[in-house]
Amino acid sequence: MSTIDEKKIIEALSGLKHPQTGQDIISEEILQGITIRDGNVGFLLAVHPDIAEAFEDVRLACEERIRALPGVLSATVVLTAHQSAPSLSSSGSSSKGKPPPDETIPEVFNRIKSVIAVASGKGGVGKSTVAVNLAAALAQMQGEDGQSVKIGLLDADIYGPSLPKLLNVTENPELDETKKIYPIERFSMQTMSIGYMVKEAQAMVWRGPMVQGALLQMLNDVAWPELDILVLDLPPGTGDIQLTIAQKIPVTGALVVTTPQKLAVADVRRSINMFDKTKTPIIGILENMAWMAGPNGERLHPFGTGGGDMIAAETLKPFLGGLPLDPTLQEATDAGQPVVIYAPDSFAAEVFVKLAKTVNAAFKDLTP
Ligand SMILES: Nc1ncnc2c1ncn2[C@@H]1O[C@H](COP(=O)(O)OP(=O)(O)O)[C@@H](O)[C@H]1O
Ligand SMILES: [Mg+2]
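Residues numbered from 1 in each chain as written. Chains lettered and ligands numbered in written order. Predicted model: local features only at pLDDT ≥ 70, side-chain atom pairs only at ≥ 80, totals over all residues.

K.L.:
Where do I start with unusual backbone geometry in this structure?
P.N.:
Negative phi characterises most residues that are not glycine, and trans characterises most peptide bonds. The backbone of Asn-168 sits at a positive phi, close to 50 degrees, despite the residue not being glycine. Relative to the helices and strands, Asn-168 is located in the loop between helix 4 (163-166) and strand 6 (184-186). Judged by local crowding, Asn-168 falls into the partly exposed class, with 13 C-beta atoms found within 10 Å. Located in the positive-phi region is Phe-187, a residue other than glycine, with phi close to 50 degrees. Relative to the assigned elements, Phe-187 resides in the loop between strand 6 and strand 7 (189-193). (Helix = DSSP H or I, 4+ residues; strand = E, 2+ residues; numbered from the N terminus. Buried ≥ 20, exposed ≤ 12 C-beta atoms within 10 Å, placed from the backbone.)

K.L.:
How should the site of ligand 1 be read in this particular structure?
P.N.:
Around ligand 1 there are 17 residues in total, and Gly-123, Gly-126, Lys-127, Ser-128 and Thr-129 lie nearest to it. For the shell around ligand 1, the secondary structure elements donating two or more residues are helix 3 (127-139) and helix 10 (327-334). Of the residues belonging to the shell around ligand 1, the class tally is 5 nonpolar, 10 polar and 2 charged. (Near = placed C-beta within 6 Å. Nonpolar A, V, L, I, M, F, W, Y, C, P; charged D, E, K, R; others polar.)

K.L.:
Looking at this model, I keep getting lost on the pairing of strand 2 (residues 40-45). Mind explaining?
P.N.:
In regular strands, side chains alternate between the two faces of the sheet. For strand 2, a buried count of 5 out of 6 residues is recorded, marking the element as mostly surrounded by other parts of the structure. Across 5 bridges, strand 1 (residues 31-37) lies against strand 2 in antiparallel orientation. Counted as the bridge partner of Arg-37 is Asn-40 from strand 2. Hairpin connection, strand 1 to strand 2: the antiparallel pair is bridged by 2 residues, and Asp-38 has positive phi, about 45 degrees. Bridging between strand 2 and strand 3 (residues 74-79) involves 6 bridges; their strand directions are parallel. Across the sheet, the residue bridging to Phe-43 is Val-77, located in strand 3. (Pairing = 2+ DSSP bridges.)

Shown next, in the form of structure tokens:
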């Protein structure tokens, strides 16, 4: 049996022209994330939404050429700005106003009961760490019926995906001939990240509209099973992608992560305001790196104190307490495991188990 490789794919696509520039699509560097799995081939064509329609023929031609290669069972080519991605970037001047949000909610949410967004105004505060560990702690829980709670985890940070490292995922997701991408299961969670498909350096160069398209495709084109809770690890900031999420994704509740510095709260405040504007309930504020244990077990505060408390009081949102700066968390990360699995008796694991209970209880009230 002949085996298919990246080189053969690129060869097969050479000569296909960009509908606008007339250049070879290979030389235009729009081809991203080639995935080969048991003869199933997939990749992305990253194009601006304005020319997405013109690209449909190219997309089909790509699929046709790849399918014709010996050893290929299926070919799935995805435009990162397919029509399913709304043109949020367009001014909307010709439209009769935006359709009501519920009309445009992706169909995948018929299978997903609730969504928690883990957010913060800026990066490096431990959002991904919290998202992964909260999801893992939720996945260990049992629902009222004694069944485990079905958890999905979506890394919505297209610019800086974290899941490959945090969960030690080095394989590519499986594809099938129904054009679906399969989530990768880790620690009883169904997980997906653009980092499973696109190499780190490539992910960084994505521009706004492509990012929105990619996020929606990670919802629509992924074969998500029935889930009780989907945990979304949001990228930092309050820009386009957060807006897409607010408009297109029925977020049940948001968890806002902050750090103890009082000076850092401006970003957090902006994030909270955004959720308030879209009427997304905020489950609470978690203060990360709140303290670190001193040599005699005392609490040291290398990053100051009071930031979380202050913003909670100011915005009237629940303060969910602190997570210490904990070397065990770093060790777990280096091992590619959630801390609730790596060191279930650790203080950090305790914090996440408690947090999972809080979220689960809050969601009981928030979901119909
Ligand atoms: N409580 C903590 N204790 C120790 N290390 C932490 C803690 N929270 C986060 N980190 C580390 O800080 C870095 C940034 O965390 P990350 O979760 O990637 O932040 P974000 O997603 O907000 O950018 C990572 O290296 C992570 O392992
Ligand atoms: Mg992150």
